[in-house]
Amino acid sequence: MKSISGKRLCQIVEQKGWVLQRVTGSHHIYESPTSHQILSIPVHRNQDLKIGTLKALMKIPQLSEEDVR
């Protein structure tokens, strides 16, 4: 799995229907309109997320590896 930036992950979850609720510091907080789950994505400039962080963040909106390509 290749890592992606926090900005790119934000774009992907927005395409999946998640709504940006607020930005707190360098974290973008998204909420699912159907299940009301919360997802906090760290956006540090254009740096790639670490693989472990990316995998953990992908579990919440149930993204697959094909979704993040």
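Residues numbered from 1 in each chain as written. Predicted model: local features only at pLDDT ≥ 70, side-chain atom pairs only at ≥ 80, totals over all residues. Heavy atoms only, no water.

Quick look at the overall build of the chain
- Across its full length, the chain holds two helices and three strands.
- What you see in the chain, going N to C, is helices and strands ordered as α-β-β-β-α.
- Relative to the globule expectation of 11 Å for 69 residues, the C-alpha radius of gyration of the chain, 11 Å, shows essentially globular dimensions.
- Based on the C-alpha atoms only, the size of the chain along its principal axes is roughly 30 × 25 × 20 Å.
- Scored against the burial criterion, the 69 residues of the chain give a buried share of 35%.
- In the chain, of all internal contacts separated by at least 6 residues, the share reaching a separation of at least 24 is 46%. (Helix = DSSP H or I, 4+ residues; strand = E, 2+ residues; numbered from the N terminus. Rg over C-alpha atoms; globule rule 2.2 N^0.38 Å. Buried < 20%, exposed > 50% of the residue type's maximum accessible area, 1.4 Å probe, protein only. Contact = heavy atoms within 4.5 Å.)

A word on the environment of Met 58
- As for its placement among the helices and strands, Met 58 is situated in helix α2 (residues 51-59).
- The exposure class of Met 58 is buried, given its relative accessible area of 6%.
- Along the sequence, Met 58 and Ile 4 sit 54 residues apart, while their C-alpha atoms lie 12 Å from each other.

A word on the sheet that holds strand β2 (residues 27-31)
- Pairing in this open sheet of three strands is antiparallel, and the strands run β1-β2-β3 from one edge to the other. Each edge of the open sheet is held by one strand with a lone partner, namely β1 (19-24) and β3 (38-42). Strand after strand, the sheet turns through a mean of 25° between neighbouring axes, direction not considered.
- With five bridges connecting them, β1 and β2 associate as antiparallel partners. (Pairing = 2+ DSSP bridges. Axes fitted to C-alpha atoms, helices over the stretch in contact; angles between N-to-C directions.)

Note that every value here comes from positions in space, so none of it alone points to a role or purpose.
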